[in-house]
Amino acid sequence: MRSPLLNKLSLIFGPRPPLNWILLCLVSVFVLIALLGSSSSSTFDSVTSSAKPDIYTNYRKLKEQARNDYLELKSISLGANRIKDVGLCGKERENYVPCYNVSANLLTGLKDGEEFDRHCELSREHQDCLVRPPKDYKIPLTWPAGRDVIWSGNVKLTKDQFLSSGSMTKRLMLLEENQIAFHSEDEMIVDGVKDYSHLIAEMIGLGSDTELLQAGVSTVLDIGCGFGSFGAHLLSLKLMALCVAAYEPSGSQVQLVLERGLPAVIGNFISKQLPFPSLSYDMVHCAQCGIIWDSKDGLFLIEIDRLLKPGGYFVLTSPTTRQQDSSTGAKKGSTSSPLEEFTKKLCWSLLAQQEETFIWQKTVDSQCYTSSRQGDIPVCKGNDMQLYYQPLARCISGTTSHRWVPLHSKSDPLNSTELEIHGLHPDDFFEDSDFWKLALRNYWSLLSPLIFSDHPKRPGDDDPLPPYNMVRNVMDMNAHYGGLSAALMEASKAVWVMNVVPLEARNTLPLILDRGFAGILHNWCEPFPTYPRTYDLLHANGLLSHIVSQKCSMFQLLLEMDRILRPEGWIILSDTLGPIEKARTLAAQIRWEARVIDLQNGSDQRLLVCQKPFVRK
């Protein structure tokens with residue numbers, strides 16, 4: 001059956017119109033769509049100069065018109081060969097995380113915890129399908145309500161797993177019919193997270209945990225973070241606390257923490273180093289995280305030393321540690337425990353001990369590691385700037401780095417001397433900051449009418465109350481200097497950003513971490529270490545061109561973006577025309593609603609703005 005447009009053509013030109021007339025008509029349709037596109041694009045250019053948020057009130061109508069024109073034109077020009085949508089994955093992949101196939105890892109002989117590690121080299125099979133949400137999945141509540149109440153159907157935490165968890169977990173959580181509720185700050189019980197944080201501050205010599213930031217503690221790596229309550233409290237103190245926990249086939253800490261809108265990533269160091277450079281964090285925290293720290297000849301403690309900045313703190317809360325120290329007589333001074341002996345070799349000082357909590361401080365003297373006190377742990381040769389899941393190394397890192405700056409000496413924001421340490425001229429840095437402030441105003445002006453005031457009601461839902469949607473978890477997939485993250489913070493947006501530095505690009509991750517932001521090194525030719533549906537907004541500037549230069553599949557990248565993006569989440573891709581047009585074609589296959597925006601500034605740069613639909617089956 002022919003389309004109405006072809007019927008009209010046959011009335012004018014007969015049943016077989018000349019080929020040149022058909023081509024002329026098709027070109028005319030293209031020109032009409034281009035004019036529509038340029039009219040909406042010019043509004044974006046107007047925002048660049050005026051930054052008025054009401055420019056995009058008619059954006060949805062323009063988008064729908066352009067989409068309808070595009071689909072009609074595609075059906076005419078492609079006919080039977082038109083693009084086929086990607087199918088949905090089976091139910092077994094609802095919580096699928098690539099590179100973490102425990103059963104396959106066991107078959108290859110991996111054991112002693114390494115079967116839970118990341119092994120992308122053993123997971124080369126690609127199933128080109130879209131990971132669908134569970135049957136009971138619901139859009140998360142808006143921040144900050146979503147921090148304290150989540151939908152139980154959104155995470156793999158069963159009632160049995162909840163009941164088998166520790167007593168502290170039961171006191172901090174309340175499992176209802178379809179929700180999991182967490183105690184808010186005002187309702188913290190005695191010996192809860194707030195008191196625990198205050199205890200840590202007192203043990204390192206501060207009057208209150210509100211003084212942690214002034215004391216130089218701005219970034220915390222929380223290992224085995226449970227359900228994120230400690231990290232949530234640190235965020236309320238304006239500290240960046242990143243949860244790192246091992247992959248779990250069910251009942252995942254990382255999945256639940258991200259569902260609460262808190263920073264988290266899958267990772268452990270059973271056999272490999274974490275993808276962070278040396279001297280990355282001001283504090284590393286472990287509360288009953290299940291790691292035997294003095295095993296493997298202290299390799300785990302050496303990795304902690306690598307990650308800590310000079311003068312940084314290692315906080316360990318564990319009944320096992322207290323039992324070990326008590327049994328060996330450590331408190332009486334007669335015999336030191338293996339853990340205490342090894343921390344001395346690492347030039348750490350035991351600042352304080354109260355009950356089950358121990359706090360060590362890393363030395364600020366890099367020469368300490370070459371003294372006789374250091375013992376048999378050598379200093380690493382070379383630098384670890386591009387460390388990416390390398391085997392754990394039995395050597396001390398970072399002692400020759402220009403970033404060896406004591407915790408109490410760093411400035412906020414970074415001064416010109418610290419910027420030059422990162423190979424960055426202050427003028428370039430401030431120019432980049434100004435660029436991202438303007439870009440953020442444009443992005444927010446573009447998305448705000450769609451997210452907060454023009455959100456359609458989904459079938460079967462009650463009438464929603466404003467605001468209808470949430471942008472909380474943001475990923476900058478090619479973060480450069482972390483400018484977007486800084487702009488969001490300066491604009492007081494209630495979001496956090498996972499700043500990703502692609503492997504083989506200029507490694508700016510040390511700069512990002514020194515700015516106090518969350519960040520990680522990642523190879524975008526591989527899947528990202530997170531669970532499905534864990535980010536609300538994905539942003540990438542120049543990543544498509546980078547992927548092409550690395551000879552990796554753009555299609556697989558967009559499939560991975562779909563996996564980690566929540567239903568009704570947003571994508572903003574900025575790149576040159578060629579990669580953007582290819583990505584728009586692929587976006588149609590993945591069922592995204594996509595719109596290309598010409599910035600009208602005379603450059604080849606384009607924006608591709610997409611939304612992932614809420615697809616059920």
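Residues numbered from 1 in each chain as written. Predicted model: local features only at pLDDT ≥ 70, side-chain atom pairs only at ≥ 80, totals over all residues. Heavy atoms only, no water.

A. Seen up close, the sheet that holds strand β4 (residues 219-223). Strand order in the open sheet made by the seven strands is β6-β5-β4-β7-β8-β10-β9, with mixed pairing throughout. Because the sheet does not close on itself, it has two edges, and the strands there are β6 (264-266) and β9 (348-354). On average, adjacent strands in this sheet sit at an angle of 20 degrees to one another, irrespective of strand direction. Sheet analysis places strand β7 (residues 281-287) next to strand β8 (residues 308-317), joined by six bridges and oriented parallel. Bridge assignment links A287 to a residue of β8, and that residue is T317. (Pairing = 2+ DSSP bridges. Helix = DSSP H or I, 4+ residues; strand = E, 2+ residues; numbered from the N terminus. Axes fitted to C-alpha atoms, helices over the stretch in contact; angles between N-to-C directions.)

B. Molecular detail of the pattern of salt bridges. A complete count under the given rule lists 16 salt bridges for this structure. The salt bridge involving R566 is made with E259; its shortest N-O contact spans 3.7 Å. You can see R566 sitting in strand β15 (residues 565-576) and its partner E259 sitting in helix α10 (residues 253-259), a full 307 residues away along the chain. The same class applies to R566 as to E259, namely buried. Linking K362 and D305 is a salt bridge whose minimum nitrogen-to-oxygen distance equals 3.9 Å. Placement of the pair is K362 in strand β10 (residues 357-362) and D305 in helix α11 (residues 299-307), with a sequence separation of 57 residues. The exposure class assigned to K362 is buried, which follows from its relative accessible area of 2%. According to the relative accessible area criterion, D305 is buried, its value standing at 0%. Among the charged side chains, a network of salt bridges with common partners joins D282, K309, R403, K410 and D514. (Salt bridge = Lys/Arg side-chain N within 4 Å of Asp/Glu carboxyl O. Buried < 20%, exposed > 50% of the residue type's maximum accessible area, 1.4 Å probe, protein only.)

C. How the structure looks around the sheet that holds strand β14 (residues 535-541). With mixed pairing, the seven strands of this open sheet are ordered in space as β13-β12-β11-β14-β15-β17-β16. The strands lining the two open edges of the sheet, one partner per strand, are β13 (518-522) and β16 (593-598). Strand-to-strand twist in this sheet, taken as the mean axis angle between neighbours without regard to direction, amounts to 15 degrees. Of the strands in this sheet, β11 (473-476), β14 and β15 are in contact with helix α19 (residues 554-564), which crosses β15 at around 145 degrees. (Contact = heavy atoms within 4.5 Å.)

D. Fine view of the packing of aromatic side chains. Using the criterion set out here, one finds 17 aromatic pairs in the structure. Ring geometry for F276 versus Y281: centroids 5.4 Å apart, planes at 85 degrees, classification edge-to-face. These aromatic residues form a ring-pair network of at least three members: F269, W293, F300, F314, W348, F358 and W360. A cation over an aromatic ring shows up here: R93 above the ring of Y96, its NZ or CZ 4.0 Å from the ring centre. Over the ring of W143 we find R472; its NZ or CZ atom is 3.4 Å from the centre of that ring. (Phe/Tyr/Trp six-rings, centres within 6.5 Å; stacked < 30°, edge-to-face > 60°. Lys NZ or Arg CZ within 6 Å of the ring centre and 35° of its normal.)

E. Local environment of helix α20 (residues 577-589). In this model α20 runs 19 Å from its N-terminal to its C-terminal C-alpha over 13 residues, within 8% of the 18 Å that 1.5 Å per residue would give. Buried within α20 are the following residues: P579, I580, A583, L586, A587, A588 and Q589. R591 sits one or two positions beyond α20 and adopts a positive phi of about 80 degrees. (Expected span 1.5 Å × (residues − 1).)

F. Just a negative patch on the surface, in detail. Among the surface-exposed residues, D427, D428, E431 and D434 lie close enough to one another that they form a single negatively charged patch. Looking at the element boundaries, D428 is found in helix α15 (residues 426-453). (Patch = residues over 30% accessible without salt bridge, like charges linked within 9 Å, V, L, I, M, F, W, Y side chains within 5 Å. Areas by Shrake-Rupley, 256 points an atom, 1.4 Å probe, with all protein chains shown as cover. Lys, Arg positive; Asp, Glu negative; His and termini not counted. Charge placed at Lys NZ, Arg CZ, Asp CG, Glu CD.)

G. Structural context of the environment of G569. Along the chain, G569 falls in strand β15. The buried category is assigned to G569, whose relative accessible area is 4%. C-alpha separation for the pair G569 and C610, spaced 41 residues apart in sequence, amounts to 8.5 Å. Not counting residues up to four positions away in its chain, the partners in contact with G569 are D536, C610, Q611 and K612.

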